[in-house]
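Working through the structure, step by step
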Amino acid sequence: MNAQLNFECETGNYHTFCPISCVAWLYQKIQDSFFLVIGTKTCGYFLQNALGVMIFAEPRYAMAELEESDISAQLNDYKELKRLCLQIQQNRNPSVIIWIGTCTTEIIKMDLEGMAPKLEMELQIPIVVARANGLDYAFTQGEDTVLAALVHRCTQQTHSDQNKLVLFGSISNTVANQLTLELQKQNIHVDGWLPSQNYNDLPNLGSNVYVCAVNPFLSRTATTLMRRRKCKLIGAPFPIGPDGTKQWIEKICEAFHQKPQNLIQREQQIWNQLKQYCDLLHNKSVFFMGDNLLEISLARFLIRCGMIVNEIGIPYLDKRFQASELKLLKQTCEFMQSPLPRIVEKPDNYNQIQRIHEFQPDLVITGMGLANPLESRHINTKWSVEFTFAQIHGFINARDILELVTRPLRRNEKISKFEI
Ligand code: SF4
């Protein structure tokens, strides 16, 4: 089989979360930060609803709600933001305030990047600006804009001959420790993470620093690291599923001239543990509608588990950044003798629904907006947002991914038994 992957691009008429939702996981990750979303009530309503119970836990984020008078420039933006930031500083005393620009600040051309340095000097607190708006980005790309902005705040590595390793991508501390330990087993030391747990512990960057991503939606951060800080990017598939994790570790070992040890056995051991799930998934078909950019990695892992992927919808695909992942996807299809899935960038949900009716897949991975309507038409669905919040990286968490994927199938088995 020597076919090529087939890429298509549709209208971009699809459901996804607004990228400002990244504050939900980033404020928890960077523990001394405060996120100020500068937008309208629309953004506020979205955050309040999307983040569910978290809003009752006094989160370290807030909305600076623009009013009519802000938009018609009758109020002074600078003074208003200064007032709010002073209040945040007094009440919460964070180490950094991160301003999140929204659609409205873009459209009225509010000069956040111009105001931030002045206010930073005046209040003596770092103010980082990230434009995570719904005009330009989808869902998880919000994290990408924040991390790209943080790259500029990392200190410069003083010259040293030894190569360092910095990993980037926001994952829970437990998973970060698991990956660090896996690399330690290969005699590789992780010198820092972007983002770090505390703003003041951001990693040192420089030309002798190798950087490697843990998430597929961080292409801007990768470019910024390479162009602005001269870091060396390790292009690897992402550590999702045992196959991806093995190759991710291998690529890092290669960069540091280490011979991987016991990796094949480690991968096999995980596959053995997953056998029961793979049996259930064998020859079942799955359709990714696409809304969080994790789709290629997840599809590749599911194909390796024996599934057939009808379509991979994805909001945005950076073919260069995802090159290793795409290569592994192709290899996996060849290895499993599974047909190559079509990859649809900027999908059109309406067209996709027609295709779903045609394919009749066993599972559709989609957002909440379409999940229940599809279920009522007897199509199994899995809510895609859960993959963003669940722990899915590394060898150990492969099981969690399959727990999520098989849940609707197991549920249906139970229900059908009950009906008989
Ligand atoms: S899409 Fe724009 S207006 Fe809507 S919530 Fe996101 S930033 Fe706000």
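If you look the protein chain up in an unreviewed UniProt entry, it shows as Light-independent protochlorophyllide reductase subunit N from Codium fragile. The Function (unreviewed entry) comment attached to the protein chain in UniProt states, word for word, "Component of the dark-operative protochlorophyllide reductase (DPOR) that uses Mg-ATP and reduced ferredoxin to reduce ring D of protochlorophyllide (Pchlide) to form chlorophyllide a (Chlide). This reaction is light-independent. The NB-protein (ChlN-ChlB) is the catalytic component of the complex." Under the Sequence similarities (unreviewed entry) heading, UniProt states for the protein chain: "Belongs to the BchN/ChlN family."

What follows concerns the domain arrangement of the protein chain. Partitioning the protein chain into domains gives domain 1 (19–137), domain 2 (164–256) and domain 3 (263–417). For domain 1 versus domain 2, the distance between C-alpha centres works out to 28 Å. Between the two partners, domain 1 and domain 2, sit zero salt bridges. For the interface between domain 1 and domain 2, the tally reads five residue pairs in polar contact (both at pLDDT 80 or more). Of the residues forming the side of domain 1 that touches domain 2, the biggest block, three residues, is contributed by helix α1 (residues 23–29). When the residues that make up the side of domain 1 that touches domain 2 are grouped by side-chain class, the tally is seven nonpolar, two polar and two charged.

Alternating positions in strand β13 (residues 363–366) separate into two faces, Leu363 and Ile365 on one and Val364 and Thr366 on the other, with burial throughout. Taken together, the three bridges between strand β10 (residues 285–288) and β13 define a ladder with parallel strand orientation. Of the residues in β13, the one forming a bridge with Val286 is Leu363. The pairing of β13 with strand β14 (residues 381–383) spans three bridges and is classified as parallel. Pairing of Ile365 across the sheet is with Lys382, part of β14. Once the chain exits β13 it traverses helix α16 (residues 368–375) before rejoining the sheet at β14, and the crossover so formed is right-handed.

This part covers the pattern of salt bridges. As enumerated under the stated definition, the model contains 20 salt bridges in all. Between Arg153 and Glu120 there is a salt bridge, and its shortest N-O distance comes to 3.1 Å. With Arg153 in the loop between α7 (141–151) and β6 (164–168) and Glu120 in helix α6 (residues 112–123), this residue pair connects regions lying 33 residues apart in the sequence. Measuring nitrogen to oxygen at the nearest pair gives 2.7 Å for the salt bridge that ties Arg300 to Glu325. With Arg300 in helix α13 (residues 295–304) and Glu325 in helix α14 (residues 323–336), the pair connects residues that are 25 residues apart, well separated along the chain. Each member of the pair, Arg300 as well as Glu325, is classed as buried.

The next subject is the UniProt feature "binding site: [4Fe-4S] cluster" (unreviewed entry) in the protein chain. Taking the UniProt record as the reference, the feature "binding site: [4Fe-4S] cluster" (unreviewed entry) is found at Cys18, Cys43 and Cys103. Judged by maximum C-alpha separation, these annotated positions cover 86 residues in sequence but sit close together in space, the widest gap being only 10.1 Å. Not counting the four nearest positions on each side in its chain, Cys18 is found in contact with Phe46, Gly134 and Phe139. Relative to the helices and strands, Cys43 resides in helix α2 (residues 41–50). Residues in contact with Cys43, not counting those within four places in the same chain, are Ile20, Met63 and Thr102.

Contact geometry of α7 with helix α9 (residues 219–229) gives a least axis separation of 8 Å together with a crossing angle of 15 degrees. One element, α7, and the other, α9, form an angle in the roughly parallel class. Between α7 and α9 the crossing geometry is right-handed. Packed against α7, whose contacting residues are Asp144, Thr145, Leu147, Ala148 and Val151, the element α9 presents Ser219, Arg220, Thr221, Thr224, Leu225 and Arg229 at the interface.

The next subject is the nonpolar core. Residues Ile100, Leu165, Trp248 and Ile252 are the most contacted members of the largest nonpolar core, which totals 106 residues. Not counting the four nearest positions on each side in its chain, Ile100 is found in contact with Ile20, Val23, Phe35, Leu36, Val37, Ile38, Ala130, Ala132 and Val146. The next biggest cluster of nonpolar side chains, apart from the first, holds 20 residues, and it includes Cys85, Trp99, Leu123 and Val129.

Basis of the calculations
- Residues numbered from 1 in each chain as written.
- Predicted model: local features only at pLDDT ≥ 70, side-chain atom pairs only at ≥ 80, totals over all residues.
- Heavy atoms only, no water.
- UniProt positions renumbered as here; feature names shortened; annotations may be inferred.
- Domains from an automatic or database assignment.
- Salt bridge = Lys/Arg side-chain N within 4 Å of Asp/Glu carboxyl O.
- Polar contact = N/O pair within 3.5 Å; in protein donor to acceptor, adjacent residues only side chain to side chain.
- Helix = DSSP H or I, 4+ residues; strand = E, 2+ residues; numbered from the N terminus.
- Nonpolar A, V, L, I, M, F, W, Y, C, P; charged D, E, K, R; others polar.
- Buried < 20%, exposed > 50% of the residue type's maximum accessible area, 1.4 Å probe, protein only.
- Pairing = 2+ DSSP bridges.
- Right-handed = clockwise from strand over helix to strand, strands pointing away.
- Contact = heavy atoms within 4.5 Å.
- Axes fitted to C-alpha atoms, helices over the stretch in contact; angles between N-to-C directions.
- Parallel < 35°, antiparallel > 145°, perpendicular 65-115°, else oblique.
- Left-handed = near helix turned anticlockwise from the far one by under 90°.
- Core = buried A, V, L, I, M, F, W, Y, C linked by side-chain atoms within 4.5 Å.

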